[in-house]
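# Structural overview for review
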Amino acid sequence: MYDSMDIGEIDNITTNENLIDIRDKYEYVLSHIKGAKNIPYTYLIMMPDNYLAKDRKYYFYCDSGTKSRKVCNYLTELGYQVVDLIGGFEHYQEKKNLLMDKRVDD
C-alpha cells in the first residue's frame, strides 16, 4: 500500500524535487504546482525505470486524483516509494483560490 495526503498540504513539504505532475504536457504548460516535474501518465506506466529511482520517495498528482491513484498502485507493486496527492490539481487550485479570496476580504 502507498501513502497518501491531501494535495493542499504539499506546500508544507520543504522540497518539491520529487513532485511529479502526471497530466499531459499541454495541461502542465498551462499551469502546475511550482517545482513539479512533468512525466505524463503513459510514460510512467510504460517506462518507470527511465524516470524514477526506487530509493527515493515521489509525490504524484493528476487533474482530479484518479490517475495518480492508479499510478501509485502500479508503482507500489513495482517497489517504488510513492505518495498519492488526493484531490489532484483541481483541488489544489480551489484551495489556493480560497486563500486568495480570504486575503482579499481581510
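Before reading further, recall that the structure is shown in the block above.
An account of the accompanying structure is given in this report.

Parameters at a glance
Residues numbered from 1 in each chain as written. Predicted model: local features only at pLDDT ≥ 70, side-chain atom pairs only at ≥ 80, totals over all residues. Heavy atoms only, no water. Pairing = 2+ DSSP bridges. Helix = DSSP H or I, 4+ residues; strand = E, 2+ residues; numbered from the N terminus. Contact = heavy atoms within 4.5 Å. Axes fitted to C-alpha atoms, helices over the stretch in contact; angles between N-to-C directions. Salt bridge = Lys/Arg side-chain N within 4 Å of Asp/Glu carboxyl O. Buried < 20%, exposed > 50% of the residue type's maximum accessible area, 1.4 Å probe, protein only.

### Quick look at the sheet that holds strand β2 (residues 19-21)
- Strand order across the open sheet formed by five strands is β1-β5-β4-β2-β3, with parallel pairing between neighbours. Each edge of the sheet is formed by a strand with only one pairing partner; in this case those strands are β1 (3-6) and β3 (37-38).
- As judged from the four bridges shared by strand β4 (residues 57-61) and strand β5 (residues 81-86), these two strands associate in the parallel manner. Residue pairing in the sheet places Phe60 in a bridge with Asp84 of β5.
- Seen against the sheet, helix α3 (residues 66-77) touches β4 and β5 and runs at an angle of roughly 165° to β5.

### Describing the pattern of salt bridges
- In total, this model carries four salt bridges according to the counting rule given.
- The partner of Lys57 in a salt bridge is Asp3, and the shortest N-O contact between them spans 3.8 Å. In this pair, Lys57 sits in strand β4 while Asp3 sits in strand β1, placing the two residues 54 residues apart along the sequence.
- According to the relative accessible area criterion, Lys57 is partly exposed, its value standing at 34%.
- Note that Asp11 and Lys96 form a salt bridge whose closest N and O atoms lie 2.3 Å from each other. Taken together, the residues Asp11 in the loop between β1 and β2 and Lys96 in helix α4 (residues 88-105) connect sequence positions 85 residues apart.

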